[in-house]
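Here is what each chain is made of, one letter per residue.
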Amino acid sequence: MLFAIAALLVIGVFCLIGALSSGKVKSASDYAVAGRGAGAFSVAGILMGVLVAGGSTIGTVQMAYEWGLSGWWFTLGSGIGCALLGLRFAGPVRRSGLSTLPEFMERNYGYPTALLTLAGSIAGTLISVAAQFLAGMALLRSVVPISPGTAAFLLSAMILAFIFSGGLKSFSAVGNAKTVMLYLMLALCCFKASSLGQTAGTLARDLHFSPWFNLFGRGLGADVSACASVLVGIFCTQIYMQAIFAARDEREARRGCLIAAALIPPLGLMGVWIGLALRNAGVEIEGAQALPYFLTAYFHPAISGALWAGLAITVVGGAAGLSLGVATNLSFDVYLRIPGVNRSEKRILPLSRVMVVLAVAVAASMGLSLQGAQILGLSYVAMGLRGAGMIAPLIAAILRPGLLSRRAALASASLGIGAMFAAWLLGSAIEPLFVGLAASLLPVVWRRVRFP
């Protein structure tokens, strides 16, 4: 009873924060890019609201429990990616005045390239949402004996409620609030682990360096690929760029990215500590259940209920942000391109919400079919898939406009997506992301190629 009351209170507080911060959503611009009035902390809130989700928490502890420090790569790569966005790319992206990545690609290379990269981006993003469903289902089933299907249905309802409360306008405020909650939760978990004897010194003494304290414990190729997939995924995912499009100006966009870059990596390190503490204590549990187990097994029910609710909001918020990005792409870059459709604001806003429902339903089905998969493993594949075909033309358009012709960009996108898919399906000995990136770079490097 105490667990349930505490959990409901925390969820209620987060719902109130979202409702109060959203104001009245009057237009598609309010809903998709927060009316282009977001300050630095709002931009950071959007970025952290998506990046600090099931993969950064439940997935990180799972990976640390199974492999040790290799679990840090997702949040470390997220911090590096946000820093690069802020230092070099936020200004040109915000200056474009657009709302979606495919719009940016179309402006530079034409609609065929934009459509191709959009397909890879949507597929990768839906896999990321499916990974959030895996995390959320593990979280729900850690406290309630329900079937995976019921858990997926409940998560879908929570995600839709989260988005419909205000779109991007409320998402940034909730993202900041949940980051504060996560810092508190993970710090309490690390303090609890230390009080139980699982201090940093004890872990260093009892566990072997490899794989537990080796940043490349899964193998150099696998872990470098993990970091690279996060980097290219951040640059090539709609919701992350949507945070920059929503900024009040270039300065606020840059500052928001740098704030997120500083705050995300420490969360991953704390998650690694928790995973290693459970491993060293001899706890035998399914990896995906490691963090939920720690919360429910080692804290008073009232405290564990509050912390569990904060973690649930984290997972739901991450899935909501990614789903909103997919819906924005489907609405602005697919539907509005159909000749003769109604382009009025009254039509676009409800259409965006229909697209959200579609995205969540597809991701829930994928999550159910991918049960048992490693959460961070899926997240890395999803990030790589989003970036393999887009990253080379995108960076060229931002840093060196005019470097690639339209046909060269189309060739780069086609080669990148096709090569990564082929390597993934055929079980290539080389990491599929590296195969895709190498293929996509060929038209960029081979400057003398003549396209017919």
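How each quantity is defined
- Residues numbered from 1 in each chain as written.
- Predicted model: local features only at pLDDT ≥ 70, side-chain atom pairs only at ≥ 80, totals over all residues.
- Heavy atoms only, no water.
- Helix = DSSP H or I, 4+ residues; strand = E, 2+ residues; numbered from the N terminus.
- Buried < 20%, exposed > 50% of the residue type's maximum accessible area, 1.4 Å probe, protein only.
- Contact = heavy atoms within 4.5 Å.
- Areas by Shrake-Rupley, 256 points an atom, 1.4 Å probe, with all protein chains shown as cover.
- Salt bridge = Lys/Arg side-chain N within 4 Å of Asp/Glu carboxyl O.
- Expected span 1.5 Å × (residues − 1).
- Patch = residues over 30% accessible without salt bridge, like charges linked within 9 Å, V, L, I, M, F, W, Y side chains within 5 Å.
- Axes fitted to C-alpha atoms, helices over the stretch in contact; angles between N-to-C directions.
- Parallel < 35°, antiparallel > 145°, perpendicular 65-115°, else oblique.
- Nonpolar A, V, L, I, M, F, W, Y, C, P; charged D, E, K, R; others polar.
- Core = buried A, V, L, I, M, F, W, Y, C linked by side-chain atoms within 4.5 Å.
- Phe/Tyr/Trp six-rings, centres within 6.5 Å; stacked < 30°, edge-to-face > 60°.
- Lys NZ or Arg CZ within 6 Å of the ring centre and 35° of its normal.
- pLDDT = per-residue confidence, 0-100.

Enquirer: Can you break down the overall build of the protein chain residue by residue, with the values?
Expert: A tally of helices and strands in the protein chain yields 20 helices and zero strands. With 452 residues in all, the protein chain has 60% of them scored as buried. Partitioning the intrachain contacts of the protein chain with sequence separation of at least 6 by distance along the chain shows that 86% fall at a separation of at least 24. Surface exposure of the protein chain reaches about 17000 Å², of which carbon and sulfur atoms provide 68%.

Enquirer: Residue-level account of the environment of Leu 269, with values.
Expert: Counting through the fold element by element, Leu 269 comes out in helix H13 (residues 250–280). Setting aside anything within four residues of it in sequence, one finds Leu 269 in contact with Leu 69 and Trp 72.

Enquirer: Let's hear about the side chain of Ser 304: which residues, and what values?
Expert: Following the sequence through the fold, Ser 304 ends up in helix H15 (residues 301–334). Residues contacting Ser 304, with those up to four places away along its chain left out, are Phe 3, Leu 295, Thr 296 and Phe 299.

Enquirer: For the pattern of salt bridges, give the residues involved together with the corresponding values.
Expert: Scanning the model with the defined rule gives six salt bridges in all. Among the ionic pairs, Arg 218 bridges to Asp 223, the shortest N-O distance being 3.0 Å. Taking the relative accessible area as the measure of exposure, Arg 218 reaches 23% and is therefore partly exposed. Through salt bridges with shared partners, a single ionic network connects Arg 248, Arg 251, Glu 252 and Arg 255.

Enquirer: I'd like to hear about helix H19 (residues 406–426), residue by residue, with values.
Expert: Given a rise of 1.5 Å per residue, 21 residues ought to cover 30 Å, and the 30 Å separating the end C-alpha atoms of H19 matches this to within 8%. Among the residues of H19, those classed as buried are Ala 408, Ala 409, Ala 411, Ser 412, Ala 413, Gly 416, Ile 417, Ala 419, Met 420 and Ala 423. Contacts from the buried residues of H19 go to helix H6 (101–109), helix H7 (111–141), helix H17 (375–388), helix H18 (391–399) and helix H20 (432–445). In the stretch just after H19, Gly 427 is the one whose phi turns positive, near 65 degrees.

Enquirer: If you had to explain a nonpolar patch on the surface to someone new, which residues and values would you point to?
Expert: A contiguous nonpolar surface patch, about 470 Å² in accessible area, is contributed by Phe 421, Trp 424, Leu 425 and Leu 426. Its location among the elements puts Leu 426 in helix H19.

Enquirer: If you had to explain the packing of helix H5 (residues 73–95) against H18 to someone new, which residues and values would you point to?
Expert: The interhelical angle for the contact between H5 and H18, taken along N-to-C directions, is 75 degrees, at an axis separation of 10 Å. Of the possible angle classes, the one that applies to H5 and H18 is roughly perpendicular. Taken together, the residues of H18 that come into contact with H5 (itself represented by Arg 88, Phe 89, Pro 92 and Val 93) are Ile 395, Ile 398 and Leu 399. Residue classes in the contact of H5 with H18 are distributed as six nonpolar, no polar and one charged.

Enquirer: Please give an account of the nonpolar core that cites residues and values.
Expert: In terms of nonpolar packing, the biggest core is built from 153 residues, with Phe 133, Met 185, Tyr 240, Met 241 and Leu 394 touching the most fellow members. By residue number, the principal contributor to this core is H15, which donates 17 residues. The residues touching Tyr 240, leaving out its near neighbours within four places in the chain, are Leu 47, Val 50, Leu 51, Gly 233, Ile 234, Leu 322, Met 383 and Arg 386.

Enquirer: For the packing of aromatic side chains, give the residues involved together with the corresponding values.
Expert: Here the structure, examined in full by the defined rule, presents seven aromatic pairs. With 5.9 Å between their ring centres and 55 degrees between their planes, Phe 3 and Trp 308 make a pair best called tilted. Placement of Phe 3 in helix H1 (residues 2–22) and of Trp 308 in helix H15 is noted, with a sequence separation of 305 residues between them. Each member of the pair, Phe 3 as well as Trp 308, is classed as buried. Above the ring of Tyr 65, the side-chain terminus of Arg 279 is found at 4.1 Å from the ring centroid.

Enquirer: If you had to explain the confidence of the model for the protein chain to someone new, which residues and values would you point to?
Expert: Of all residues in the protein chain, 89% have pLDDT values of 70 or greater, and the mean over the chain is 82. When the criterion is pLDDT under 50, residues 27–34 qualifies, and its contacts beyond four places in sequence or with other chains add up to 37 contacts. Between residues 448–452, whose pLDDT stays under 50, and residues either more than four places distant or in other chains, the model counts five contacts.

Enquirer: Hey, could you go over the environment of Thr 125 for me, with residue numbers and the actual values?
Expert: The residue Thr 125 is located in helix H7 in this model. Excluding residues that lie within four positions of it along the chain, Thr 125 makes contacts with Thr 237, Leu 322, Val 326 and Arg 386.

Enquirer: Give a detailed account of unusual backbone geometry, specifying residues and quantitative values.
Expert: Looking along the chain, the bond that leaves Ser 210 and enters Pro 211 is cis, with omega of 10 degrees. For Pro 211, the location among the structural elements is in the loop between helix H10 (200–206) and helix H11 (220–235).

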